[in-house]
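Tertiary structure, described
Read off the chains here:
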Amino acid sequence: MSQPRFDGKVAWITGGAGGFGAGVARRLAAHGATVVVSDIDSDNGELVAKETGGEFVPCDVTSYDDNLAAVQHVVDGHGRLDIAFLNAGVTTGVGVGDDFDLALYRKAMSVNLDGVVFGMHAAIKAMSGRGGQIVATASLAGLTGTPFDPIYGTNKHGVVGLVRSAGPAHTGDGIFINAICPGFADTNIVSPQARAALSSIGVPLLDVEDVVDAFISAVTSGEAGQCWYIQPGRPHEAFRFRNVPGPRDDSGGSVSDRAGDVQSTLTERRAH
Ligand SMILES: NC(=O)c1ccc[n+]([C@@H]2O[C@H](COP(=O)([O-])OP(=O)(O)OC[C@H]3O[C@@H](n4cnc5c(N)ncnc54)[C@H](O)[C@@H]3O)[C@@H](O)[C@H]2O)c1
């Protein structure tokens, strides 16, 4: 894959202390970008920042104020924000039956969904008037049911819904919002038990670099509202969602295939 240059660009990466965040930080820095790494893991975040010639700014993504402050720090220090990678995430480990745990539920929703909403809001404010790229890390769990972790499936579907909804609403400002949806990958978030279970049925883990490649495709695609799925052994691509069947009129006839018209009319109206 040919690598585009990011000279002069400034990127902010949440969950940048390891895994996909660190991989994207390394790739962007190697191709000219200045990276600002955020995480709650300051020790490893500082290491990634040092290695990439960037900067570490602590940010707990569950905090609205932390997100605004981190982005303000980026803009104050570097004059701009061009790329935001909203990637911090946790697994849940609880279900909605007897194993439900309110605190773990709140934590998972807060990191995986609030964190992306708050980070997106902060990034859009900073990119207003000059444009930029925002990529959120969802998951295959945002594209399909995940009975082994239904709360994770819920918040990752939330990220997919947010990206599909906010994406088309901000292209007029030159802000392109997309998601990446990796399958199981070789990072710390995948437990030894999950690794053993996957191995027992012959499912390979993605390499971090596979996911970084998809991130690069997302930020260079010129598209918005897309969710790039990543599976071992396949080329990554934007997932093609099936359209919802269109409305019918009183006589049962097809009104049209104008679901898209309804969306753009309401979006236009909201903007005024
Ligand atoms: N590895 C996989 O199999 C896989 C698959 C699909 C999606 N994902 C998603 O990819 C993203 C990155 O995960 P990863 O696989 O690189 O694992 P990882 O555990 O290496 O990275 C997650 C990072 O998020 C940070 N983090 C957790 N809570 C935070 C908070 N409140 N504020 C700021 N940072 C916080 C962690 O400290 C960690 O550095 C997550 O959103 C995860 O859900 C992972």
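Thresholds applied
- Residues numbered from 1 in each chain as written.
- Predicted model: local features only at pLDDT ≥ 70, side-chain atom pairs only at ≥ 80, totals over all residues.
- Helix = DSSP H or I, 4+ residues; strand = E, 2+ residues; numbered from the N terminus.
- Rg over C-alpha atoms; globule rule 2.2 N^0.38 Å.
- Contact = placed C-beta atoms within 7 Å.
- Pairing = 2+ DSSP bridges.
- Axes fitted to C-alpha atoms, helices over the stretch in contact; angles between N-to-C directions.
- Expected span 1.5 Å × (residues − 1).
- Core = buried A, V, L, I, M, F, W, Y, C linked by C-beta atoms within 7 Å.
- Buried ≥ 20, exposed ≤ 12 C-beta atoms within 10 Å, placed from the backbone.
- Right-handed = clockwise from strand over helix to strand, strands pointing away.
- Near = placed C-beta within 6 Å.
- Nonpolar A, V, L, I, M, F, W, Y, C, P; charged D, E, K, R; others polar.
- Bend = angle between axes of the 7 residues up to and from the residue.
- Parallel < 35°, antiparallel > 145°, perpendicular 65-115°, else oblique.
- Left-handed = near helix turned anticlockwise from the far one by under 90°.
- Domains from an automatic or database assignment.

Overview of the overall build of the chain
- Counting its regular elements, the chain contains eight helices and eight strands.
- Radius of gyration (C-alpha) of the chain: 19 Å, near the 19 Å computed for a compact globule of 272 residues.
- Along the three orthogonal principal directions, the C-alpha set of the chain runs to about 65 × 50 × 40 Å.
- For the chain, the share of sequence-separated contacts (at least 6 apart) that also reach a separation of at least 24 residues comes to 61%.

Looking at the sheet that holds strand 5 (residues 132-137)
- An order of 3-2-1-4-5-6-7-8 is seen for the eight strands of this open sheet, with the pairing classed as mixed. In this open sheet, the two edge strands, each paired with only one partner strand, are strand 3 (55-56) and strand 8 (237-238).
- For strand 2 (residues 34-38) and strand 3, the ladder comprises two bridges, and the chain directions are parallel. Looking at the pairing, Val37 lines up with Phe56 of strand 3.
- Sheet strands in contact with helix 1 (residues 19-30) are strand 1 (10-14), strand 2, strand 4 (83-86) and strand 5, and its direction is about 170 degrees off that of strand 1.

Re helix 3 (residues 64-78)
- Across its 15 residues, helix 3 extends 21 Å between first and last C-alpha, which sits within 8% of the 21 Å expected from 1.5 Å per residue.
- Buried positions along helix 3 lie against strand 1, strand 2 and helix 4 (102-127).

Structural notes on the nonpolar core
- Residues Ala11, Ala123, Ala179, Ile180, Val211 and Phe215 are the most contacted members of the largest nonpolar core, which totals 77 residues.
- Here Ala179 is in contact with Val135, Ala136, Ala138, Val159, Val160, Val163, Cys227 and Trp228, once residues within four sequence places are set aside.

Considering the pairing of strand 2
- With five of five residues buried, strand 2 lies mostly within the body of the structure.
- The alternating pattern of strand 2 places Thr34, Val36 and Ser38 on one face and Val35 and Val37 on the opposite face, and all of these are buried.
- When strand 1 meets strand 2, the two strands line up parallel, connected through five bridges. Residue pairing for strand 2: Val10 is matched across the bridge by Thr34.
- At this point the chain moves from strand 1, through helix 1, to the parallel strand 2, and the crossover so formed is right-handed.
- Of the crossover connections in this fold, the one passing from strand 2 over helix 2 (residues 42-51) to the parallel strand 3 is right-handed.

Considerations on the site of the ligand
- Taken together, 28 residues sit near the ligand, with Gly15, Gly19, Ala88, Gly89 and Thr187 positioned nearest.
- With three residues, the single largest contributor to the shell around the ligand is helix 1.
- Its residues placed into classes, the shell around the ligand shows 13 nonpolar, 12 polar and three charged.

Considerations on helix 4
- Here helix 4 spans 36 Å end to end across 26 residues, near enough to the 38 Å set by a 1.5 Å rise per residue.
- Maximum bend of helix 4: about 35 degrees, positioned at Ser110.

Notes on the pairing of strand 1
- Most of strand 1 is tucked away: five of the five residues are buried.
- Taking every second residue as pointing to the same face, both faces of strand 1 are buried, with Val10, Trp12 and Thr14 on one and Ala11 and Ile13 on the other.
- Pairing of strand 1 with strand 4, which is carried by three bridges, proceeds in the parallel orientation. Bridging from a neighbouring strand, Ile13 pairs with Phe85 of strand 4.

Some thoughts on the packing of helix 1 against helix 7 (residues 208-220)
- Where helix 1 contacts helix 7, the two axes come as close as 9 Å, and the packing angle between them is 60 degrees. Here helix 1 is positioned oblique relative to helix 7, judged by the angle of their axes. In this structure, helix 1 meets helix 7 at a crossing whose hand is right-handed. Between helix 1 and helix 7, the residues in contact are Gly19, Phe20, Gly23, Val24 and Arg27 and Val208, Glu209, Val211, Val212, Phe215 and Ile216, respectively.
- The residue makeup of the contact of helix 1 with helix 7, split by class, is seven nonpolar, two polar and two charged.

A closer look at the packing of helix 4 against helix 5 (residues 150-170)
- At their nearest, the axes of helix 4 and helix 5 sit 9 Å apart, and the two run at 15 degrees to each other. When the interaxial angle is binned, helix 4 and helix 5 end up roughly parallel. Regarding helix 4 and helix 5, the two cross each other, and that crossing is right-handed. Contact residues: helix 4 offers Tyr105, Ala108, Met109, Asn112, Leu113, Val116, Val117, Met120 and Ile124, while helix 5 offers Ile151, Tyr152, Asn155, Lys156, Gly158, Val159, Leu162, Ala166 and His170.

Things to note about the domain arrangement of the chain
- What the domain assignment reports for the chain is domain 1 (10-241) and domain 2 (247-272).
- Placing a centre on the C-alpha atoms of domain 1 and another on those of domain 2 gives a separation of 32 Å.

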